[in-house]
Amino acid sequence: MNLQTPIESTQRSWRTAVVPRHLLIAMVTLAMTMGAVTDTFAQAYPARPITLVVPYPAAGSTNTVGRMVAAIMQTRLKQSVIVENRAGAGGYIGAEYVAKSTPDGYTLLLGAGPIMHTGLFTKGQAMVLSRDLAPIASVAQVPLMALAATSIPVKNVKDFVAFVKANPKRYNAGIVPNSTSYLDTITFMKLAGVDMVEIPHNSAADNITAMARGDVHLHVTAPISAKAMIDAGKIVPLAVGSKERFPLMPDVPTFKEAGYDMVSSAWYAVLGPLKLPADVVNRIQKEISEAMDSQESQDTLKKLFFAPFRATPAQIQVLINEEAKQYAAAAKAVGLEPQ
């Protein structure tokens, strides 16, 4: 007599049922595919929009470079890249925001060399930017340049130094207080042994305007700030701070060639918070570097009066460390204290 209940009979039939081979293969294949898809989604970068912080107002060369980099990243990473201007404190506010963000590659900084050293001028900063940001990808660079006004009879560095030495305290050096360009200006004056009156202005543009009037006779800044005046013959380029001659102004000697042991340039790079995953750093670095090598990017840099900048993250950090020592020594030499 069969004493099995209906439920027991049903359970037995499920246990002894044979799954057709083709269906079993299909089920296993589907499971493997879904697992692979799940892993891809879990590891994919970027999976959501990226924010690129530009630590200056929505104007000027840094903002222009930032938007160019954002466009490159958006095209090559196939993800939205939002440019966010967070200005203030010489770039520190935006840079600190990035340094404190989650290290996942979704909040990045378009940084310029001078931002790394704001702690020399402002005390109480929570972050040491030269130490608390991680370099990712190099973008562009431009040497700083010593410029002379045409209101004094000089054509080169030798003429300038001889003329100003013969007239101590009679001519003016335009400076932007609390900036690395100020330290560069003071460094050049000390190396050259010239004694000039320091005249502060709010920006390089203000100094250039004062030079055209004849009120300022020396200023150290990026060439783009004075290109129109140089082209018009109203300002004399004396020397550039790069290790080699600036390709866009090949007739201007370096400080080294002029006899002064001085190197100074402004560079641009993408940086992020510390402890970024290596695969994220490598992906961003690869895409930006390859894009910056294109003819289109080279043409854009030339229009902005910038030169290419190729360096690995480690090389960028070495440069930051060297500049930190250089500017700390310059600040100490002039007795500069953070305010």
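Cut-off values and rules
- Residues numbered from 1 in each chain as written.
- Predicted model: local features only at pLDDT ≥ 70, side-chain atom pairs only at ≥ 80, totals over all residues.
- Heavy atoms only, no water.
- Helix = DSSP H or I, 4+ residues; strand = E, 2+ residues; numbered from the N terminus.
- Buried < 20%, exposed > 50% of the residue type's maximum accessible area, 1.4 Å probe, protein only.
- Pairing = 2+ DSSP bridges.
- Salt bridge = Lys/Arg side-chain N within 4 Å of Asp/Glu carboxyl O.

## Description of unusual backbone geometry
Cis geometry marks the peptide bond from Tyr 45 to Pro 46, where omega comes out at 0°. Residue position: Pro 46 is located in the loop between helix H2 (21-43) and strand E1 (50-54). For Lys 78, which is not glycine, the phi torsion reads 55° and is therefore positive. Mapped onto the fold, Lys 78 is located in the loop between helix H3 (61-77) and strand E2 (81-85). Here Lys 78 falls in the exposed class, since its relative accessible area comes to 70%. For Asn 178, which is not glycine, the phi torsion reads 60° and is therefore positive. In this structure, Asn 178 sits in the loop between strand E6 (172-175) and helix H7 (180-192). The exposure class assigned to Asn 178 is partly exposed, which follows from its relative accessible area of 47%.

## So, the pairing of strand E8 (residues 218-221)
Neither face of E8 is exposed, since Leu 218 and Val 220 on one face and His 219 and Thr 221 on the opposite face are all buried. Bridge analysis of strand E5 (residues 145-149) against E8 gives 4 bridges, and the strand direction is antiparallel. For Ala 148, the partnering residue across the bridge sits in E8 and is Leu 218.

## Focus on the pattern of salt bridges
By the definition in use, this model includes 14 salt bridges. Arg 86 is the partner of Glu 84 in a salt bridge, and the nearest nitrogen-oxygen pair spans 2.5 Å. The class for Glu 84 is partly exposed, based on a relative accessible area of 25%. With its nearest N and O atoms 3.5 Å apart, the salt bridge here joins Asp 132 to Arg 131. By relative accessible area, which is 13% here, Asp 132 ends up buried. With relative accessibility at 54%, the residue Arg 131 sits in the exposed group. Linked through salt bridges whose partners overlap, the residues forming this network are Arg 76, Arg 283, Lys 286, Glu 287 and Glu 290.

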